[in-house]
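Here are the chains, one letter per residue:
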Amino acid sequence: MAEAQTRRHDYHLVDPSPWPAVGAVSAFLLAVGAISWMHKSFAAAPLVFGLGVIGVLYTMISWWRDVIREAQVEGHHTRVVQISHRYGMILFITSEVMFFVAWFWAYFNTALFPADSVQIVREQLLGGQWPPKGIETFDPWHLPLLNTLILLTSGTTVTWAHHALLHNDRQGLKWGLVVTIALGLSFTGVQAYEYTHAHFNYKGHIYGSTFFMATGFHGAHVIIGSVFLTVCLFRALAGHFRPDQHLGFEFSAWYWHFVDVVWLFLFACIYVWGGGVHAAAGAAGGH
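The rules behind each value
Residues numbered from 1 in each chain as written. Predicted model: local features only at pLDDT ≥ 70, side-chain atom pairs only at ≥ 80, totals over all residues. Heavy atoms only, no water. 1 Å grid on protein atoms, 1.4 Å probe; cavity = no way out; pocket = protein on both sides within 12 Å on 5 of 7 lines; lining within 4 Å. Points joined across faces, edges and corners; volume = space filled by probe spheres on them. Helix = DSSP H or I, 4+ residues; strand = E, 2+ residues; numbered from the N terminus. Nonpolar A, V, L, I, M, F, W, Y, C, P; charged D, E, K, R; others polar. Expected span 1.5 Å × (residues − 1). Buried < 20%, exposed > 50% of the residue type's maximum accessible area, 1.4 Å probe, protein only. Contact = heavy atoms within 4.5 Å. Phe/Tyr/Trp six-rings, centres within 6.5 Å; stacked < 30°, edge-to-face > 60°. pLDDT = per-residue confidence, 0-100. Patch = residues over 30% accessible without salt bridge, like charges linked within 9 Å, V, L, I, M, F, W, Y side chains within 5 Å. Areas by Shrake-Rupley, 256 points an atom, 1.4 Å probe, with all protein chains shown as cover. Salt bridge = Lys/Arg side-chain N within 4 Å of Asp/Glu carboxyl O.

Attention now moves to the layout of surface pockets. There is about 1,500 Å³ of room inside the largest pocket. Along the wall of the largest pocket there are 47 residues; nearest its centre are Met60, Trp63, Trp64, Val67 and Phe228. Contributing elements (two or more residues each) for the lining of the largest pocket: α2 (19–39), α3 (45–72), α4 (79–111), α8 (206–237) and α9 (247–273). In terms of residue class, the lining of the largest pocket is built from 27 nonpolar, 13 polar and 7 charged.

For helix α7 (residues 170–196), which comprises 27 residues, the first-to-last C-alpha distance of 39 Å matches the rise-based estimate of 39 Å (1.5 Å per residue) to within 8%. When we look at burial in α7, the residues that qualify are Gly172, Leu173, Gly176, Leu177, Thr180, Ile181, Leu183, Gly184, Phe187, Val190, Gln191 and Glu194. Tucked into the core, α7 has its buried residues touching α6 (143–166), α8 and α9.

Next up on the list: the packing of aromatic side chains. Aromatic rings considered in pairs are described by the distance between their centres and by the relative angle of their planes. In the structure shown here, the tally under the stated rule is 32 aromatic pairs. Summarising the aromatic geometry, the rings of Phe99 and Trp103 are spaced 5.7 Å apart at their centres and angled 85 degrees between planes, so their arrangement reads as edge-to-face. A residue pair is termed a helical-turn pair when its members lie 3 or 4 positions apart in one helix, as Phe99 and Trp103 do in helix α4 at 4 residues. Residue classification places Trp103 among the partly exposed positions, given a relative accessible area of 22%.

Our next topic: α2. An ideal rise of 1.5 Å per residue puts 30 Å on 21 residues; α2 measures up with 30 Å between its terminal C-alpha atoms. Among the residues of α2, those classed as buried are Trp19, Gly23, Ser26, Gly33, Ala34 and Ser36. Buried residues in α2 make contact with α3. Trailing α2 by a residue or two, Lys40 shows a phi angle of about 55 degrees, which is positive.

Moving on, we come to the confidence of the model for the chain. Averaged over the chain, the pLDDT score is 87; the fraction of residues at 70 or greater is 91%. Every residue in residues 1–5 scores below 50 in pLDDT, and together they form 0 contacts with partners more than four places removed in sequence or on other chains.

This part is about a nonpolar patch on the surface. A surface patch of nonpolar side chains, amounting to about 450 Å² of accessible area, comprises Leu57, Met60, Ile61, Ile223 and Val227. At the level of secondary structure, the elements contributing two or more residues to the nonpolar patch comprise α3 and α8. Tallying contributions element by element places α3 first for the nonpolar patch, with 3 residues. You can see Ile61 is positioned in helix α3. The exposed category is assigned to Ile61, whose relative accessible area is 60%.

Moving on to the pattern of salt bridges. Tallying each qualifying case throughout the model produces 4 salt bridges. A salt bridge links Arg65 to Asp66, with the nearest nitrogen and oxygen atoms 3.3 Å apart. The exposure class assigned to Asp66 is buried, which follows from its relative accessible area of 12%. Residue Arg86 pairs with Glu250 through a salt bridge whose shortest N-O separation is 2.9 Å. Here Arg86, found in helix α4, pairs with Glu250, found in helix α9; they are 164 residues apart in sequence, far enough to count as distant. The exposure class of Arg86 is partly exposed, given its relative accessible area of 24%. Relative accessible area serves as the criterion here: at 11%, Glu250 is assigned to the buried category. Each of Arg65, Asp66 and Arg69 takes part in a single network of salt bridges with overlapping partners.

Given below as structure tokens:
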């Protein structure tokens, strides 16, 4: 009986954890606080929002710490468990793809049919054209192109870091991550500068709402990916990753490449194809 109870296997039976419940409550407080704060529903809304943010951050740190301990100290991440984790990450990225499909759908539903005879109000609002009348779009060949080059370069540097890890090149891994994180922060800075110089806003117009929802959520994913890579950098400095076991870093690289690909679609569809006069002028200038 004792031998049966101590029998070892390749599967990880996860111990009870408080973080799913704590994270759910914290996310609820964050959402309620943010919405109430924006609508000025009650005076304590900023406090509720702050508690939600603290709870979410604490959950992230604690849950990440537990997973790292399971992999590094307790040795639960066997080959079988790693396969399950990879399937989970693939499904997560697939769900993220569908998340962005929603924003592209909203954009193209309006952009392809600005003079829809069935929706008369749409034609009145957009003037029967896309971009709508009165909207001054961004020049795609200026800051958006710069950000495209930044993200494409960051994709090569994170691949450099991955190959360095596979060959047990610790310096290459470290500097590849440092450069990738710096490029991610640069992208965020350029996008923030771009937003502050926009000639349209989010409120009151379908172009502004679809533009900022699609590019803004992508910007949020870049920030999340930068945090992900920063955690991997600290773990790499602590010697956690090995050439044969580095799921945390591998998943961060997958996520970063996903962010890169989504941006290419955003750049091509929203900035270039949907750029109107600016995109046409840039194309004519190229000839």
